Amino acid sequence: MPTWRDWLLLARIHSAAATWAIVVIGFVLGGGQLFSWEVFPWIGVALGFHLAGFAQNSLHDREFDKRDPGKKHFPLVTGALNVDHAALFVMAGTALFCVLAGWLVAGNPLALAI
């Protein structure tokens, strides 16, 4: 049974702060207020993007990671998570990213196309 730690390692949560900080900086530079409720959906978008992206990377690189001694603790390498669980995690993170991003651009077709 996978633990919370396994899921967090899959998504490399230790570096997520850098991802959402970059998004928040862009939000503020674009005219948003740092200390407002409006910043939280942007953090959600960044986290969805980060979680899905790094989990997808772990999923696709699992065979390479098995040969890399520095990645012997990764949950797909140790067998703590199976490929199906990781794929569902990627889909959930992608869904979070898409839903929040779509809501934030208010259905603007040009923004959604980009």
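Every chain is numbered independently, its residues counted from 1 as its sequence is written. In keeping with the model being predicted, local features are shown solely for residues with a pLDDT of at least 70 and side-chain atom pairs are shown and tallied solely at 80 or more, while totals for entire chains, interfaces and linings include all residues. No hydrogens and no water enter the side-chain calculation; it runs on all heavy atoms of the structure.

Looking now at the overall build of the protein. Helix and strand labels come from DSSP, where a helix needs a run of H or I of at least four residues and a strand needs a run of E of at least two; each type is numbered from the N terminus. Of the regular secondary structure elements, the protein holds seven helices and zero strands. Counted from the first residue to the last, the protein has its helices and strands arranged as α-α-α-α-α-α-α. Overall, the C-alpha framework of the protein stretches about 45 × 25 × 25 Å when taken along its three principal axes. Between two residues, a contact is recorded if the distance between any of their heavy atoms is within 4.5 Å. Considering only intrachain contacts with a sequence separation of at least 6, the fraction spanning at least 24 residues in the protein is 67%. With the model as given, the accessible surface of the protein reaches about 7,400 Å², and the carbon-plus-sulfur share is 70%. Exposure was quantified through the Shrake-Rupley algorithm and a 1.4 Å probe, taking into account, for residues, occlusion by the shown protein chains and nothing else.

What goes into a patch is any residue over 30% in relative accessible area without a salt bridge, connected to like charges within 9 Å or, for nonpolar side chains (Val, Leu, Ile, Met, Phe, Trp, Tyr), within 5 Å. When a carboxyl oxygen of Asp or Glu is within 4 Å of a side-chain nitrogen of Lys or Arg, the pair counts as a salt bridge. On the surface, W4, L8 and I13 cluster together into a nonpolar patch covering about 350 Å² of accessible area. Position of W4 among the secondary structure elements: in helix α1 (residues 4-10). Only protein chains enter the accessibility calculation, which uses a 1.4 Å probe. A residue is then buried if its area is under 20% of the maximum for its type, exposed if over 50%, and partly exposed in between. Its relative accessible area of 72% is what places W4 among the exposed residues.

Counting all residues, the mean pLDDT for the protein is 87, and 93% of those residues have values of 70 or more. Per-residue pLDDT, averaged within each element of the protein, yields its smallest value for helix α7 (residues 109-113) (62) and its largest for helix α5 (residues 75-78) (93). As a per-residue quantity, pLDDT reports the predictor's confidence and falls between 0 and 100.

This paragraph deals with the side chain of T19. Residue position: T19 is located in helix α2 (residues 16-29). For T19, a relative accessible area of 17% translates into the label buried. Apart from the residues lying within four places of it in its own chain, the contact partners of T19 are A46, F49 and H50.

Only the stretch in contact is used when fitting a helix axis, every axis being a line fitted to C-alpha atoms; angles between N-to-C directions are given from 0 to 180 degrees. Running from N to C, helix α3 (residues 39-60) and helix α6 (residues 83-104) point in directions that differ by 150°, and their axes come no closer than 8 Å. What the angle tells us is that α3 and α6 run roughly antiparallel. Handedness of the crossing formed by α3 with α6: left-handed. Residue composition of the contact of α3 with α6, grouped by class: 19 nonpolar, five polar and no charged. The labels follow the angle: roughly parallel below 35 degrees, roughly antiparallel above 145, roughly perpendicular from 65 to 115, and oblique for the rest. Here a crossing is called left-handed whenever its near helix is offset anticlockwise from the far helix by less than a right angle, and right-handed whenever the offset is clockwise. All amino acids are sorted into three groups, where Ala, Val, Leu, Ile, Met, Phe, Trp, Tyr, Cys and Pro are nonpolar, Asp, Glu, Lys and Arg are charged, and the leftover types, Gly among them, are polar.

Before going further, it helps to examine the environment of D84. Secondary-structure assignment places D84 in helix α6. We classify D84 as exposed; its relative accessible area is 58%. Considered as a pair, D84 and L59 are 25 residues apart in the sequence and their alpha carbons are 9.6 Å apart.

Attention now goes to unusual backbone geometry. With phi around 50°, R12 is a residue other than glycine that occupies positive phi space. Within the element layout of this structure, R12 appears in the loop between α1 and α2. The exposure class assigned to R12 is buried, which follows from its relative accessible area of 13%.

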